[in-house]
Amino acid sequence: QVQLLESGGGLVQDGGSLRLSCAASGRTFSSYNMGWFRQAPGKEREFVAGITWSGGSTKYAASVKGRFTISRDNAKNTVYLQMTSLKPGDTAVYYCAADSPRRPVVADSRYQYDYWGQGTQVTVSS
């Protein structure tokens, strides 16, 4: 069982930056691949970025590649999403999620993630 709590969302201007954090409970955090997803009003939840349990591999959605960076600190049971060059189209509720333990590749389907946080709102103004 993994419990996840996101923080770091807020209101930022077009071109600004934010760093989201996701703190996990449970001593097996380092075994889980982690992902960030987002959901805008009226749209489906979409994959943003993911990282393997070891941190050795990452994957990004095309829309954020080069602007967002996912990382993790297993000693702190935390995964991060550094977001730069934010655009109004990035406005959404951002969720972190935990996949099955020790999967060798990052999954980009929300249906493969077992545990979810409650989400944090990111709003980018133009």
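Right above here is the structure, for reference.
As the structure is a prediction and not an experimental result, all values here were calculated from the model. (Residues numbered from 1 in each chain as written. Predicted model: local features only at pLDDT ≥ 70, side-chain atom pairs only at ≥ 80, totals over all residues. Heavy atoms only, no water.)

Caption draft 1: Fine view of the pattern of salt bridges. Per the stated rule, a full pass over the model turns up six salt bridges. Ionic pairing is found between lysine 59 and aspartate 108, a salt bridge with its closest N-O pair at 3.0 Å. Taken together, the residues lysine 59 in strand 6 (residues 58–60) and aspartate 108 in the loop between strand 9 (92–101) and strand 10 (113–116) connect sequence positions 49 residues apart. Through salt bridges with shared partners, a single ionic network connects Arg38, Glu46, Arg67 and Asp90. (Salt bridge = Lys/Arg side-chain N within 4 Å of Asp/Glu carboxyl O. Helix = DSSP H or I, 4+ residues; strand = E, 2+ residues; numbered from the N terminus.)

Caption draft 2: Spotlight on the state of the cysteines. Counting across every chain of the model gives one disulfide. Two residues share a disulfide in this structure: cysteine 22 and cysteine 96, whose sulfurs sit 1.9 Å from each other. Pair noted here: cysteine 22 is in strand 3 (residues 18–24) and cysteine 96 is in strand 9, with a separation of 74 residues, a long-range link. Assigned by exposure class, cysteine 22 and cysteine 96 land together as buried. (Disulfide = S-S within 2.5 Å. Buried < 20%, exposed > 50% of the residue type's maximum accessible area, 1.4 Å probe, protein only.)

Caption draft 3: Representation of the pairing of strand 11 (residues 120–125) within the structure. The alternating pattern of strand 11 places Thr120, Val122 and Val124 on a buried face, while none of Gln121, Thr123 and Ser125, on the opposite face, is buried. The sheet contact formed by strand 2 (residues 10–13) and strand 11 spans four bridges and is parallel. Paired with valine 12 across the two strands is valine 124, which belongs to strand 11. (Pairing = 2+ DSSP bridges.)

Caption draft 4: Representation of the sheet that holds strand 3 within the structure. Read across the sheet, four strands follow the order 1-3-8-7 without closing on themselves; strand pairing throughout is antiparallel. Every interior strand has two partners, whereas the edge strands, strand 1 (4–7) and strand 7 (68–73), have only one. Strand-to-strand, the axes of this sheet are offset by a mean angle of 15 degrees, without reference to chain direction. Across six bridges, the pairing between strand 7 and strand 8 (residues 78–83) is antiparallel. Within strand 8, the position partnered with threonine 69 by the bridge is glutamine 82. (Axes fitted to C-alpha atoms, helices over the stretch in contact; angles between N-to-C directions.)

Caption draft 5: Geometry of the packing of aromatic side chains. The full count for this structure, using the stated rule, is six aromatic pairs. The aromatic ring of tryptophan 53 is capped on one face by arginine 102, whose charged end is 4.2 Å from the ring centroid. (Phe/Tyr/Trp six-rings, centres within 6.5 Å; stacked < 30°, edge-to-face > 60°. Lys NZ or Arg CZ within 6 Å of the ring centre and 35° of its normal.)

Caption draft 6: Examining the nonpolar core more closely. Of all hydrophobic cores here, the largest spans 34 residues; its most connected members are Met34, Trp36, Leu81, Met83 and Tyr94. Those elements giving two or more residues to this core turn out to be strand 3, strand 4 (32–39), strand 5 (46–51), strand 7, strand 8, strand 9 and strand 11. With five residues, strand 9 is the largest single contributor of residues to this core. Once residues lying within four places of it in the same chain are set aside, the contact partners of tyrosine 94 are Glu6, Leu20, Trp36, Phe37, Arg38, Val48, Phe68, Leu81, Met83, Gly119, Thr120 and Val122. (Core = buried A, V, L, I, M, F, W, Y, C linked by side-chain atoms within 4.5 Å. Contact = heavy atoms within 4.5 Å.)

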